[in-house]
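# Summary of structural features
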Amino acid sequence: MGMFWKLNKLVPENNMLQNKANPTINKSTGLPRKRFYRARAHSNPLSDSHFPVPISPSHVDYSLHYPQLLPLANRTDTFNKIEFADIGCGFGGLLISLATLFPETLMIGMELRDKVTEYVKERILGLRVASPGQYQNASVVRTNSMKYIPNYFEKGQLSKMFFLFPDPHFKEKNHRRRVISPHLLDEYAYVLQVGGIIYTITDVEELGAWMKSCLQSHPMFEPLSEMELEADPVVKLLSSATEEGQKVARNGGQTFQAVFRRITPSS
Amino acid sequence: MEDSRIEECEHDNSNTQEDAQVEESEQNNKDMEVAPALISVHPTQNSVAVAVGSDLRVFDLLDNCAVTLVDESGGASHNDSIRCIKYGTNGKLFVSAGDDKLVKVWSTDCWRCISTVISEKRVSAVAISNDGLHVCFADKFGVVWVVDLPGFDGTEAPLNKKAAPLLAHYCSIITSLEFSPDGRFIVSADRDFKIRVTVFPTKPLNGAHEIQSFCLGHTEFVSCLAFISAPDSPQGFLVSGGGDSTVRMWDIISGTLLDTCEVGAKVELIESDATEANCLTITDICTIPDCNLIAVAIQSLRGIMLLTCDLPSRTLSVTKVVSITGENFVPTSLGSSISGGLLWMVTGASKLRGSDISSLSRVKAVSGFNKSSPGAPEQEPVVLIDTEIPGGAKLLEKLQGSMSIDEKVFLAAADAVKTAMCNLLIKKQYTDEKREFRKRTRNDKKNTQ
């Protein structure tokens, strides 16, 4: 996060976008060139990486992420909070689509890989410049969502959570590293409001079955009906909005989705 | 898709990863093996238990005699350092667990081991539900397990039950586990500065999925938890101590931080030999019932700090420091009973490098706490001399292993415990160079296709 985000006034002196010598940004579109932000597909969710973590949700600085919408660092308690979280947002495809589909909603992407997070930052900044007034509601943060989700979101804060094409961690001994697991679902249920929706999709059949099974077994989630899935405009984005999803479609692969609603447990 | 290898994970105990970084971690492992002495007191002070290393020592205060533990497994009950001990609030049960991956549940009537549960990983915290029907234990990988105990009369054969996972803190060492006074919630604290409050369900074996709140505010690992009973709130107030030298008070229903007491800063004013100002971890906290007092053990402090909890304003303040004079006594663990009015303390450690003595402990007690009831006589807390302690010489001989030990050894013990805790719980900060070096030397065989 740090220094880069303090440059929230986009003036020509802003090195990141206007510096002619900077090859990582496409001069004409102002958008970052993906090839300079390539990273390994996998990152180790267990290692204690070196990035700042907010002490609590009240320490999340909204003015850094959404400078136009929430310019003041000190604000009243009744301001709009982040409602959508894209966990493992990759190169930001879903966030970008959601930002214009839900212009009134604040959303954030969480990504573990440093370079990829940088790419998404640049992408959002570039889009904000290219389309004034738009994309002010989307942001990204580098963090380990498996450890730090409660640091970012209060109880019942989110209305949507996305887990698109997560790392399958094929070996059984690594299943505990999966981002959807019975234990982690407790935390996701905590940050989701009652009625909030969790969207998952993968092209790995075994992982798809695993995620669905975890969600079905969890007392605080119930599946959406076919009708509800049809009616939700977001569902179509799961397989089309991201680079990963587009790659799968290009290769003619199948996808497996599980979309569930957070409910009050019956006991 | 290829699967990535673990780069570094100090607390991942699975075999394949421990081959890496052997030289560095071996040094740390030796330091981490040092186990602090622990003390726990029966709720109505029927007995006192001390654990040093693998040794569990219990003294019966009712019969005024040392207890012989009865364990079907034969030989020493535990094979490796005991890391946590606790009495259940109804006084009938006692649990001990640690590095040997065994959780032993004892009946406090006959001191027989009524159940041994095998854990996959080393155990770092234990708790017994208030109704005595469940025992929970947490491992160093962040999973809290639960096992049920049928109502028993102490004469049944030890059952070796299999535990079910209750909840998990993702990949974080759980340092403390406590039930709220009304039994509705189980609170777990971890190395990643977090405290999680979870609804304890009617059927715990199916998991505890409903998180009530997170108590977030500590800026270092959370080391210990305790509850203060309050007449108006059945769930009481939670107090926690951490590696950030603070004691904090919480409302567990909302997760709100009610007050923070900068305890470490106050210690620096008192103790001039506190050389590392930034690592004054709160070693243990213990509430003294009926007094609204919290006793705090802090690294380097030879004595305890007493905090008063003012319930109406929901604040904490330092009332007093009770110093132990005449000997080098830095408590490693505190305990109190509900009725006894005494604060029990122990210092000591096991597996000290370079020491001939394999495990040593020294027990002391403090009395004279002002009850918060009106009309109670004004008193000053005073450290009892050996002959004034309930059980006297007999108790000390049993719990300490001997009556007197060279003082220098205790200082070494306190230091070793401090180092061990830091190594285990404080995250290593690498410079960018060092991190890149570690990445380069990692064993990451890529399949070139």
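Only a predicted model underlies this, so the values are computations on that prediction, with no experimental measurement involved.

### As for the overall build of chain B
Scanning chain B for helices and strands turns up five helices and 29 strands. The proportion of buried residues among the 449 residues of chain B is 59%. Contacts in chain B between residues at least 24 apart in sequence constitute 54% of all its contacts with a sequence separation of at least 6. Surface exposure of chain B reaches about 18,400 Å², of which carbon and sulfur atoms provide 49%.

### Examining the UniProt feature "active site" (unreviewed entry) in chain A
Residues and elements named next belong to chain A. Residues given the UniProt feature "active site" (unreviewed entry) here are Asp167. The residue aspartate 167 is located in the loop between strand 4 (158-164) and helix 7 (182-191) in this model. A relative accessible area of 21% means that aspartate 167 is categorised as partly exposed. Among the polar contacts made by the side chain of aspartate 167, one reaches the main-chain amide nitrogen of histidine 169 at a distance of 3.1 Å.

### Considering the UniProt feature "binding site: S-adenosyl-L-methionine" (unreviewed entry) in chain A
Residue and element names in this part refer to chain A. In the numbering adopted here, UniProt assigns the feature "binding site: S-adenosyl-L-methionine" (unreviewed entry) to Gly88, Glu111, Leu112, Asn144, Ser145, Leu164, Thr242, Glu243 and Glu244. What glycine 88 contacts, discounting residues up to four positions off in sequence, is Met110, Glu111 and Leu164. Topologically, serine 145 is positioned in helix 6 (residues 145-152).

### Looking at the packing of aromatic side chains
The final tally for this structure, using the stated rule, is 13 aromatic pairs over all chains. Ring centres of A:Phe84 and A:Phe102 lie 5.0 Å apart, and the angle between their planes is 80°; this geometry places the pair in the edge-to-face category. Here A:Phe84 is found in strand 1 (residues 82-87), whereas its partner A:Phe102 is found in the loop between helix 4 (93-101) and strand 2 (106-111), with 18 residues between them in sequence. The class for A:Phe84 is buried, based on a relative accessible area of 3%. Ring centres 4.8 Å apart and planes at 85° place the aromatic pair B:Phe179 and B:Phe200 in the edge-to-face group. With B:Phe179 in strand 14 (residues 174-179) and B:Phe200 in the loop between strand 16 (194-199) and strand 17 (211-216), this residue pair connects regions lying 21 residues apart in the sequence.

### As for the environment of A:Phe79
Along the chain, the position of A:Phe79 falls in the loop between helix 3 (62-65) and strand 1. In this view, A:Phe79 contacts A:Tyr62 and A:Leu70; residues no more than four positions away in its chain are not counted.

### Re the sheet that holds strand 7 (residues 93-98) of chain B
Residue and element names in this part refer to chain B. Strands sit in the order 6-7-8-9 across an open sheet of four strands; the sheet is antiparallel. The sheet is open, and its two borders are formed by strand 6 (82-87) and strand 9 (113-118), each paired with just one other strand. Strand-to-strand twist across the sheet, computed as the mean angle between neighbouring axes with direction ignored, equals 15°. When strand 8 (residues 102-107) meets strand 9, the two strands line up antiparallel, connected through five bridges. Residue lysine 104 lies in a different strand from strand 9, and its bridge partner there is threonine 116.

### Topic: the pattern of salt bridges
Scanning all chains against the criterion turns up 20 salt bridges over all chains. A:Glu111 is the salt-bridge partner of A:Arg113, the closest N and O atoms lying 2.8 Å from each other. Look at A:Arg113 and you get buried, because its relative accessible area is 17%. For A:Glu111, a relative accessible area of 5% gives the class buried. Within the structure, one salt-bridge network assembled from shared partners comprises B:Glu327, B:Arg362, B:Lys364 and B:Asp386.

### Re the sheet that holds strand 24 (residues 303-310) of chain B
Across a sheet, paired strands are connected by hydrogen bonds in the backbone, their directions being either parallel or antiparallel. All names here are of chain B. Judged by pairing direction, the sheet is antiparallel, and its four strands sit side by side in the order 22-23-24-25 without closing on themselves. Edge positions in the open sheet fall to strand 22 (282-288) and strand 25 (315-323), since each of these has one partner strand only. The mean angle between the axes of side-by-side strands here comes to 25°, regardless of whether they run parallel or antiparallel. Two elements, strand 24 and strand 25, share eight bridges in a ladder whose sense is antiparallel. Bridge pairing in strand 25 links aspartate 310 to threonine 315.

### Focus: the environment of A:Tyr148
Residues and elements named next belong to chain A. Tracing the sequence through the fold places tyrosine 148 in helix 6. When its relative accessible area of 9% is taken as the criterion, tyrosine 148 is described as buried. Residues tyrosine 148 and leucine 158, spaced 10 residues apart in sequence, show a C-alpha to C-alpha distance of 15 Å.

### Examining the packing of helix 6 of chain A against helix 7 of chain A
All names here are of chain A. Two elements in contact, helix 6 and helix 7, have axes whose closest approach is 10 Å; the angle formed by their N-to-C orientations is 25°. Comparing the axis directions of helix 6 and helix 7 gives the class roughly parallel. Relative to helix 7, the crossing made by helix 6 is left-handed. Across the interface between the two elements, Met146, Ile149 and Pro150 from helix 6 touch Leu184, Glu187, Tyr188 and Val191 from helix 7. Here the residues of the contact of helix 6 with helix 7 are counted per class, giving six nonpolar, no polar and one charged.

### A closer look at the pairing of strand 3 (residues 47-52) of chain B
All names here are of chain B. Across the six residues of strand 3, six count as buried, placing the element largely inside the fold. Residues Ser47, Ala49 and Ala51 point to one face of strand 3 and Val48, Val50 and Val52 to the other, with burial holding for every one of them. Between strand 2 (residues 38-41) and strand 3, which pair antiparallel one after the other, the connecting turn spans five residues, and glutamine 45 there sits at a positive phi close to 60°. Joining the antiparallel neighbours strand 3 and strand 4 (residues 55-60) is a turn of two residues, in which glycine 53 adopts a positive phi near 60°.

### Comments concerning the environment of B:Asp139
Residues and elements named next belong to chain B. Note on placement: aspartate 139 falls in strand 11 (residues 134-139). Take aspartate 139: its relative accessible area is 2%, and that puts it in the buried class. When the C-alpha atoms of aspartate 139 and phenylalanine 214 are compared, they prove to be 20 Å apart, with 75 residues separating the residues in sequence. Within polar-contact distance, the side chain of aspartate 139 engages the backbone nitrogen of glycine 142 at 3.0 Å.

### Section: helix 5 (residues 114-130) of chain A
The first and last C-alpha atoms of helix 5 of chain A sit 24 Å apart over 17 residues, in line with the 24 Å expected at 1.5 Å per residue. Within helix 5 of chain A, 12 of the 17 residues are buried, which leaves the element mostly enclosed by the surrounding structure.

### Notes on helix 8 (residues 205-217) of chain A
All names here are of chain A. Here helix 8 is 13 residues long and its end C-alpha atoms lie 18 Å apart, about the 18 Å a rise of 1.5 Å per residue gives. For helix 8, every residue scored as buried is listed here: Leu207, Gly208, Met211, Cys214 and Leu215. Viewed end-on, helix 8 has its buried residues packed into an arc of 130°, placing them on one side of the element. Seen from the open side of helix 8, the exposed residues pointing more than 90 degrees away from its buried face are Glu205, Gln216 and Ser217. Summarising the contacts, the buried residues of helix 8 are in contact with helix 7, strand 5 (192-202), strand 6 (221-223) and strand 7 (256-262).

Parameters and conventions
- Residues numbered from 1 in each chain as written.
- Chains lettered and ligands numbered in written order.
- Predicted model: local features only at pLDDT ≥ 70, side-chain atom pairs only at ≥ 80, totals over all residues.
- Heavy atoms only, no water.
- Helix = DSSP H or I, 4+ residues; strand = E, 2+ residues; numbered from the N terminus.
- Buried < 20%, exposed > 50% of the residue type's maximum accessible area, 1.4 Å probe, protein only.
- Contact = heavy atoms within 4.5 Å.
- Areas by Shrake-Rupley, 256 points an atom, 1.4 Å probe, with all protein chains shown as cover.
- UniProt positions renumbered as here; feature names shortened; annotations may be inferred.
- Polar contact = N/O pair within 3.5 Å; in protein donor to acceptor, adjacent residues only side chain to side chain.
- Phe/Tyr/Trp six-rings, centres within 6.5 Å; stacked < 30°, edge-to-face > 60°.
- Pairing = 2+ DSSP bridges.
- Axes fitted to C-alpha atoms, helices over the stretch in contact; angles between N-to-C directions.
- Salt bridge = Lys/Arg side-chain N within 4 Å of Asp/Glu carboxyl O.
- Parallel < 35°, antiparallel > 145°, perpendicular 65-115°, else oblique.
- Left-handed = near helix turned anticlockwise from the far one by under 90°.
- Nonpolar A, V, L, I, M, F, W, Y, C, P; charged D, E, K, R; others polar.
- Expected span 1.5 Å × (residues − 1).
- Arc of directions from axis to C-beta.

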